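Descriptive structure summary
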Amino acid sequence: SPPLNFVSNCLSSAGYRMSGQHKEPLAIKTDAPPSVVWDVVRHWIQKHPIHSKLDEGSAGFKILGNAIGVTNMDGSRGKGFVRTKGAKRFPENPEKNWGPKPRATGKRKTEEEEEATEMI
């Protein structure tokens, strides 16, 4: 698969935006239509050919067999995938057993008990 810098440079040179997804570290978000994203993959395959032959009936053969629609892509120029300085790509949990805690289980007062405390 193409590196994030290559994808970012191709999409930005074609006039689209790209950013990282907050939950999946290797996923991206972009305003490019799917056809342009497939053009980026085709562009990568042209520069780095597949050594094994694809079956003619396979999805990969059909996808890679289409012509590249966006021609102004350049994966070698640009800033690449920009990350915030000092931010970790895969941050670790801050403490052991970190995460959602169990729901509060305090005893609730019944209506009779509330009325009794209001009278006092």
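Residues numbered from 1 in each chain as written. Predicted model: local features only at pLDDT ≥ 70, side-chain atom pairs only at ≥ 80, totals over all residues. Heavy atoms only, no water.

Overview of the nonpolar core
As a reminder of what qualifies: The nonpolar core is taken to be a set of buried Ala, Val, Leu, Ile, Met, Phe, Trp, Tyr and Cys residues, with the residues joined through side-chain atoms within 4.5 Å. Only protein chains enter the area calculation, which uses a 1.4 Å probe; residues under 20% of their type maximum are buried, those over 50% are exposed, and those in between are partly exposed. The helix count covers DSSP runs of H or I at least four residues long, the strand count covers runs of E at least two residues long, and both are numbered beginning at the N terminus. A contact between two residues is defined here by any heavy atoms of the two lying within 4.5 Å.
The biggest cluster of nonpolar side chains holds 12 residues, and these are Phe 6, Val 7, Cys 10, Leu 11, Ala 14, Met 18, Ala 32, Val 36, Val 40, Trp 44, Val 70 and Met 73. Looking at this core element by element, the count peaks at four residues for helix α1 (residues 4-13). If we skip the residues at most four places from it in the chain, Leu 11 touches Tyr 16, Met 18, Thr 30, Ala 32, Val 36 and Val 40.

Topic: the packing of α1 against helix α2 (residues 34-47)
This is how the line gets drawn: The axes used here are C-alpha line fits, helices contributing only the stretch in contact, and every angle between their N-to-C directions lies in the interval 0 to 180 degrees. Oblique is the label for any angle not covered by the other classes, which are roughly parallel (under 35 degrees), roughly antiparallel (over 145) and roughly perpendicular (65 to 115). Here a crossing is taken to be left-handed if its near helix is turned anticlockwise relative to the far helix by less than a right angle, and right-handed if that turn runs clockwise. Each residue is assigned to one of three groups, with Ala, Val, Leu, Ile, Met, Phe, Trp, Tyr, Cys and Pro labelled nonpolar, Asp, Glu, Lys and Arg labelled charged, and all others, Gly among them, labelled polar.
Where α1 meets α2, the axes come as close as 10 Å, and the angle between the chain directions of the two elements is 120°. When the interaxial angle is binned, α1 and α2 end up oblique. In this structure, α1 crosses over α2, and the sense of that crossing is right-handed. Residues Phe 6, Val 7, Cys 10 and Leu 11 of α1 lie in contact with α2, whose contacting residues are Val 36, Val 40, His 43, Trp 44 and Lys 47. Across the contact of α1 with α2, the residue classes break down as seven nonpolar, one polar and one charged.

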